[in-house]
Amino acid sequence: MALPIGPAEGSYSPGLEGVIAAVTSISYLDVEHEQIVVRGYDLIELARQMHYPQVAYLVIYGSLPSADELADFNRTLQEQAALPEAAYRLFQLMPRTTEVMDAQRTVISFLAGFEDPAELRDPSMQANLTKGVRLLARMPAITANAYRTVHGLPPVEPDGELGFSENFLYMITGARPDAQAARIFDMSLTCYIEHEMPNSTFAARVIASTLSDIYGAVAGAAASLKGPLHGGANEAVAHMLLEILQRGGASVAEAYVMEKLARKERIMGFGHRVYMKRYDPRAHLMKDYIPQLAGRRPEGPELYRIYQTVEQVMLREKGLFPNADYPVGLIYLLLGIPIDLYTPIFLAARTAGLVAHVAEQHANNRLFRPRVLYQGPWGRHPNGQP
Ligand SMILES: CC(=O)SCCNC(=O)CCNC(=O)[C@H](O)C(C)(C)COP(=O)(O)OP(=O)(O)OC[C@H]1O[C@@H](n2cnc3c(N)ncnc32)[C@H](O)[C@@H]1OP(=O)(O)O
Ligand SMILES: O=C([O-])CC(=O)C(=O)O
């Protein structure tokens, strides 16, 4: 029997590959020219030459800040960085088995309740940006304290003297970071800040398209980002590198990859829906900082050799290049950041991009509601009669 599939016929693309889902002026992956275009700038140049708050301002407001605008923005990020006391009580209620990313997502939802109800539901550009910047300011404290509480560590309050990225690292480790760690961490946040229409941003825009609020949209994006095919890959990369180290180091790395590929398993941190068989420009940038960080841990040089071997084998065997999560997974290891924070950090950095996307969606909204290619049965009746 011919399937009555209606208007969707011929337009189905598994995983929505190649489908244009939105008109945007935020960012674009110009694969041909190996550029991530963010508000007209090359993201890699921005990461090299600017600090995260400057790029966050650009992503959110559409233009780079003047000196005064940047000072105001930094002040706002600092003034709004602390969490309401109740958030710490909520952390305490969570089972110690809670994953950091789930604790982070839960507190994001919880914080919606601290907005004025009318403001929370206000989808205007100004209301979205105000709420979005407040959420961005709080993301380091949410993220670091999500980790600290589920691991039974005392909470840490933001240090009002530190900038966004330094403060973030400080709250994670409990110690003020040195200049090298702070700079490279800041660059990693900029690399993660915005990336066109990944699954998590799409999830946020789908949620926002019902005129739901920004907290719900970011919480939805968090759930999406957690998956190992998306942001969760940075944690999987670190686990893989450590597993290879434990099994013998760089000398067994090739065999490790070959065995996984023979079992048709994926090597995390490689491949990308849009870049496909091309290099992710962020991976290029971040990789260059690994050698200078390798000396920070005794096993750093060996981890770097493992990293290089896996990369060579993946290129030779699959023609696949690393994505951003591959170098960042190792960089965070070398910086001594606990592994279950890697994806929550990615979400914290991506919050600026999500804020811009939710605001843009609300400013020019049409409900997302696609159709299906139905392949189930037809003509059944509950009483079994024809
Ligand atoms: C920041 C980010 O979110 S970047 C992405 C992070 N995710 C990862 O690193 C997870 C590992 N990578 C992957 O699973 C994929 O490359 C994805 C999910 C990112 C993109 O996948 P898709 O565009 O859906 O490609 P698809 O899954 O169809 O893969 C195409 C082919 O490449 C292979 N392939 C893709 N990535 C990998 C990988 N990492 N390891 C091994 N094989 C891979 C697939 O097995 C498939 O091969 P086949 O055609 O012989 O069956
Ligand atoms: O673009 C994607 O599909 C995933 C990605 O690299 C990101 O979100 O940074």
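From a predicted model like this one, the values you see are computed outputs, not experimental measurements. Sequence order as written defines the numbering, with residues in each chain counted from 1. For naming, the first written chain is A and the first written ligand is 1, with later ones following in the order written. Residues qualify for local features only when their pLDDT is at least 70, as the model is predicted, and side-chain atom pairs are given and counted only at 80 or more; totals for whole chains, interfaces and linings, by contrast, use all residues.

Draft legend 1. Main features of the overall build of the protein. Secondary structure elements follow DSSP: runs of H or I no shorter than four residues count as helices, runs of E no shorter than two count as strands, and numbering proceeds from the N terminus. When its secondary structure is counted, the protein shows 18 helices and three strands. With respect to the principal axes defined by its C-alpha atoms, the protein has extents near 70 × 55 × 45 Å. Counting other C-beta atoms within 10 Å of its own, a residue is labelled buried from 20 upward, exposed at 12 or fewer, and partly exposed in the gap between, with every C-beta atom placed from the backbone. Within the protein, the fraction of its 386 residues that count as buried is 45%.

Draft legend 2. How the structure looks around the site of ligand 1. A residue counts as near a molecule or strand when its C-beta atom, positioned from the backbone, falls within 6 Å of it. Around ligand 1, the structure places 19 residues, and the nearest of them are A233, R266, F270, G271 and R273. Residue type decides the class: Asp, Glu, Lys and Arg count as charged, Ala, Val, Leu, Ile, Met, Phe, Trp, Tyr, Cys and Pro as nonpolar, and the leftover types, Gly among them, as polar. Residue composition of the shell around ligand 1, by class: eight nonpolar, seven polar and four charged.

Draft legend 3. Broad picture of the sheet that holds strand β2 (residues 35-38). Ordered in space as β1-β2-β3, the three strands form an open sheet in which the pairing is antiparallel. Both edges of this open sheet fall to β1 (27-30) and β3 (41-42), since each of them pairs with a single strand only. Where β1 lies against β2, four bridges are found, and the strand directions are antiparallel. Bridge pairing in β2 places D30 opposite Q35. In this analysis, strands are considered paired if DSSP registers two or more bridges between them.

Draft legend 4. Representation of unusual backbone geometry in the model. One non-glycine residue with positive phi stands out, namely L16, at about 55 degrees. With respect to the helices and strands, L16 occurs in the segment before β1. On the neighbour-count criterion, L16 (14 C-beta atoms within 10 Å) is partly exposed. One non-glycine residue, M276, adopts positive backbone phi at about 45 degrees. Assignment of secondary structure puts M276 in the loop between α13 (253-262) and α14 (281-287).

Draft legend 5. Examining the pairing of β2 more closely. Burial of the side chains of β2 is restricted to one face: I36 and V38 are buried, whereas none of Q35 and V37 on the reverse face is. The hairpin formed by β2 and β3 contains two residues between the paired strands, and R39 there has a positive phi angle of roughly 50 degrees.

Draft legend 6. Examining the domain arrangement of the protein more closely. Along its sequence, the protein is carved into domain 1 (27-226 + 339-363) and domain 2 (233-334). Computed from C-alpha atoms alone, the centre-to-centre distance between domain 1 and domain 2 is 26 Å. We call two residues in contact when their backbone-placed C-beta atoms lie within 7 Å. Counting from both sides, the interface comprises 16 residues of domain 1 and, opposite them, 18 residues of domain 2. Counting only elements with at least two residues in the side of domain 1 that touches domain 2, the list comes to β2, α1 (43-49), α9 (179-192) and α18 (342-363). A domain assignment, automatic or from a database, supplies the domain bounds used here.

Draft legend 7. Spatial organisation of the packing of helix α2 (residues 52-61) against helix α3 (residues 67-79). Axes here refer to lines fitted to C-alpha atoms; in helices the fit is confined to the stretch in contact. Angles between the N-to-C directions go from 0 to 180 degrees. Direction vectors running N to C along α2 and α3 enclose 100 degrees, while the axes themselves pass 10 Å from each other. Taken as axis vectors, α2 and α3 run roughly perpendicular relative to one another. Facing P53, Q54 and Y57 of α2, the residues of α3 in contact are E69, L70, F73, N74 and L77. Per-class residue counts for the contact of α2 with α3 are five nonpolar, two polar and one charged. Under this scheme an angle from 65 to 115 degrees is roughly perpendicular, one under 35 degrees roughly parallel, and one over 145 degrees roughly antiparallel; angles in between are oblique.

Draft legend 8. Summary view of the environment of Q126. Examined against the element boundaries, Q126 turns out to sit in helix α7 (residues 125-150). Q126 gets classed as exposed once you count the C-beta atoms within 10 Å, which come to 9. Distance from Q126 to A359, taken between C-alpha atoms, is 8.6 Å for residues 233 residues apart in sequence.

Draft legend 9. Structural detail: α2. Taken across its ten residues, α2 has eight buried, putting it largely inside the fold. Restricting attention to buried positions, one finds in α2 the residues Y52, P53, V55, A56, Y57, L58, V59 and I60. Immediately beyond the C-terminal end of α2, within one or two residues, lies G62, with a positive phi of roughly 100 degrees.

Draft legend 10. Looking closely at the environment of M125. Among the structural elements, M125 can be located in helix α7. Sequence-wise, M125 and V358 are 233 residues apart; in three dimensions their C-alpha atoms are separated by 9.2 Å. When neighbours within four sequence positions are excluded, M125 is seen to be in contact with A359 and A363.

Draft legend 11. Highlighting the nonpolar core. Among the nonpolar cores identified, the biggest contains 113 residues, and V59, V218 and L241 are the most heavily contacted of them. Top contributing element to this core by residue count: α18, with twelve residues. Taken together, domain 1 (27-226 + 339-363) and domain 2 (233-334) each give at least three residues to this core, which thus spans both. Discounting chain neighbours no more than four positions away, the residues touching V59 are I26, V38, R39, I193, E194, A352, G353 and A356. By convention in this section, buried Ala, Val, Leu, Ile, Met, Phe, Trp, Tyr and Cys residues joined through C-beta atoms within 7 Å make up a nonpolar core.

Draft legend 12. Representation of the confidence of the model for the protein within the structure. The predictor's confidence in any single residue is recorded as pLDDT, a number from 0 to 100. The predicted model of the protein averages 95 in pLDDT, with 97% of residues at 70 or higher. Within the model, pLDDT remains below 50 along residues 1-8, and this stretch shows seven contacts once partners closer than five positions in the same chain are excluded.

Draft legend 13. Spotlight on the environment of I26. Turning to its location among the elements, I26 is positioned in the segment before β1. I26 sits 33 residues away from V59 along the chain, and the two C-alpha atoms are 6.7 Å apart. Leave out the neighbours within four places in its chain, and I26 touches R39, V59, E194, A356, H357 and E360.

Draft legend 14. Structural context of the pairing of β1. Where burial is concerned, the two faces of β1 differ: the one with S27 and L29 is buried and the one with Y28 and D30 is not. Taking the residues between adjacent antiparallel strands as the criterion, β1 and β2 are bridged by four residues, where E34 takes a positive phi near 50 degrees.

Draft legend 15. Representation of the packing of helix α10 (residues 199-208) against α18 in the model. For the pair α10 and α18, the least separation of the axes is 9 Å and the interaxial angle reads 35 degrees. Handedness of the crossing formed by α10 with α18: right-handed. Along the contact surface, α10 presents S200, T201, A204, R205 and A208, while α18 presents R350, G353, L354, H357, V358, Q361 and H362. Class assignment of the residues belonging to the contact of α10 with α18 gives a composition of four nonpolar, six polar and two charged. If you view the pair so one helix is near and one far, a crossing is left-handed when the near helix is turned anticlockwise from the far one by less than a right angle, and right-handed when it is turned clockwise.

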